[in-house]
Amino acid sequence: YGKHAYEIFVNRGYPADRFITIGNPLFVDLNKYQSNVDLLYKKFEIDPSKNNILFTTSRYQGFSNNYNFDLLVWEELLKNFAHKSNFTLILKSHPYEDISLHESILLKYNRPTNVKILNGDILELIQISSLLVSSASTAIIDAMSLKIPAIELDWDGLNNMQFPSKEFSVPIRSNLTN
């Protein structure tokens, strides 16, 4: 991104030699988000004392069979966290994505009260999350910049990301299959 983002990252302890300034696609004041966290919990009706897992879907729905693993991930997250009182599971779909398939999977779990499908500013949702999970989303970079842990799912070595998040990650194998 641009010089402003570079300075924020470096001031927060990220290594300066790891950044290349390419411009500002969007001017974002990260301090604005960090100063309003309590209001964000109220806005989205999220309990700050819970472990809040944010799952962001990819842009591949309907476009690529090679990279569209979102439904598998959603089902696995529901299997492991639905109805667990110390967790909130939040689904934030990619803009303009049809979430009816995600909703139908949710119905199999009897609409647990600790699961929310939310639309809203991705940076606001990241701020109230304990963890972000995604298989292909620039939200991973946003989470990293806001110091929120992120899990990027890598499917059998498919290189689905256009940015070097792998330089800052730890690979963990999964037994999820398509």
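Scroll up to find the structure this text is about.
K.L.:
Just checking my understanding: could you explain the sheet that holds strand 5 (residues 150-152) for this structure?
P.N.:
Backbone hydrogen bonds are what pair the strands of a sheet, in a parallel or an antiparallel way. Across the sheet, which stays open at both edges, the five strands sit in the order 3-2-1-4-5 with parallel pairing between neighbours. Either end of the sheet is taken by a strand with one partner, and the two such strands are strand 3 (115-117) and strand 5. The mean inter-strand angle of the sheet, taken between neighbouring strand axes irrespective of direction, is 20°. As paired strands, strand 1 (residues 51-56) and strand 4 (residues 131-134) are joined by four bridges and run parallel to one another. Opposite leucine 54, over in strand 4, you have leucine 132 as the bridge partner.

K.L.:
Would you mind going over helix 3 (residues 37-44) with me for this structure?
P.N.:
An α-helical segment advances 3.6 residues per turn. Residues three or four places apart therefore align on the same side. Those residues of helix 3 not exposed but buried are Val37, Leu40, Tyr41 and Phe44. Across the axial projection of helix 3, the buried residues extend over an arc of 100°, all falling on one side. Exposed side chains of helix 3 directed beyond 90 degrees from the buried face belong to Asp38, Leu39, Lys42 and Lys43.

K.L.:
What exactly am I supposed to notice about the side chain of aspartate 142 here?
P.N.:
Relative to the helices and strands, aspartate 142 resides in helix 7 (residues 139-145). Setting aside residues up to four positions removed in sequence, aspartate 142 forms contacts with Ile122, Leu123 and Ile126.

K.L.:
Sorry if this is basic, but what is going on with the packing of aromatic side chains here?
P.N.:
Here the distance between the centres and the angle between the planes together describe a pair of aromatic rings. One pass over the structure, following the stated rule, counts three aromatic pairs. Plain terms: the ring middles of phenylalanine 55 and tryptophan 74 are 6.3 Å apart, the flat faces sit at 15° to each other, and that makes the pair stacked. Separated by 19 residues along the polypeptide, phenylalanine 55 in strand 1 and tryptophan 74 in helix 4 (residues 70-81) bring together distant segments of the chain. Tryptophan 74 matches phenylalanine 55 in its accessibility class, with the two residues each being buried.

K.L.:
Help me out: how do you make sense of the side chain of serine 93 in this one?
P.N.:
Counting through the fold element by element, serine 93 comes out in the loop between strand 2 (87-92) and helix 5 (100-107). For serine 93, a relative accessible area of 7% gives the class buried. When sequence neighbours within four positions are dropped, the list of residues in contact with serine 93 reads Thr57, Ile99, Leu118 and Asn119.

K.L.:
Would you take a moment to explain the pattern of salt bridges for this structure?
P.N.:
Applying the stated rule across the entire model yields three salt bridges. With its nearest N and O atoms 2.7 Å apart, the salt bridge here joins glutamate 124 to lysine 43. Residue glutamate 124 is found in helix 6 (residues 122-127), and its partner lysine 43 is found in helix 3; the two are separated by 81 residues along the sequence. A residue is classified by how much of its surface remains accessible, and glutamate 124, at 13% relative accessible area, is buried. Taking the relative accessible area as the measure of exposure, lysine 43 reaches 52% and is therefore exposed.

So, how was this worked out
- Per-chain numbering applies: the sequence of each chain, read as written, is numbered from 1 onward.
- Totals for whole chains, interfaces and linings use every residue, but because this is a predicted model, local features are given only for residues with pLDDT of at least 70 and side-chain atom pairs only at 80 or more, for both listing and counting.
- As a rule here, side-chain values come from all non-hydrogen atoms in the structure, and water together with hydrogens is ignored.
- Two strands are said to pair when DSSP picks up at least two bridges between them.
- Put simply, DSSP marks the helices as runs of H or I at least four residues long and the strands as runs of E at least two long, and each gets a number from the N terminus on.
- Every angle, taken between N-to-C directions, lies between 0 and 180 degrees, and every axis is a line fitted to C-alpha atoms, over only the stretch in contact when it is a helix.
- When a residue's accessible area, from a 1.4 Å probe over protein chains only, is under 20% of the maximum for its type it is buried; when over 50% it is exposed; and in between it is partly exposed.
- Working note: the arc is built from the helix axis to C-beta atom directions.
- A contact between two residues is defined here by any heavy atoms of the two lying within 4.5 Å.
- Classification of ring pairs rests on two measures: the distance between centres of Phe, Tyr or Trp rings, Trp counted by its six-membered ring, which must be within 6.5 Å, and the angle between planes, read as stacked under 30 degrees, edge-to-face over 60 and tilted in between.
- For salt bridges, the criterion is a side-chain nitrogen of Lys or Arg within 4 Å of an Asp or Glu carboxyl oxygen.

Purely geometric numbers; function is a separate question.
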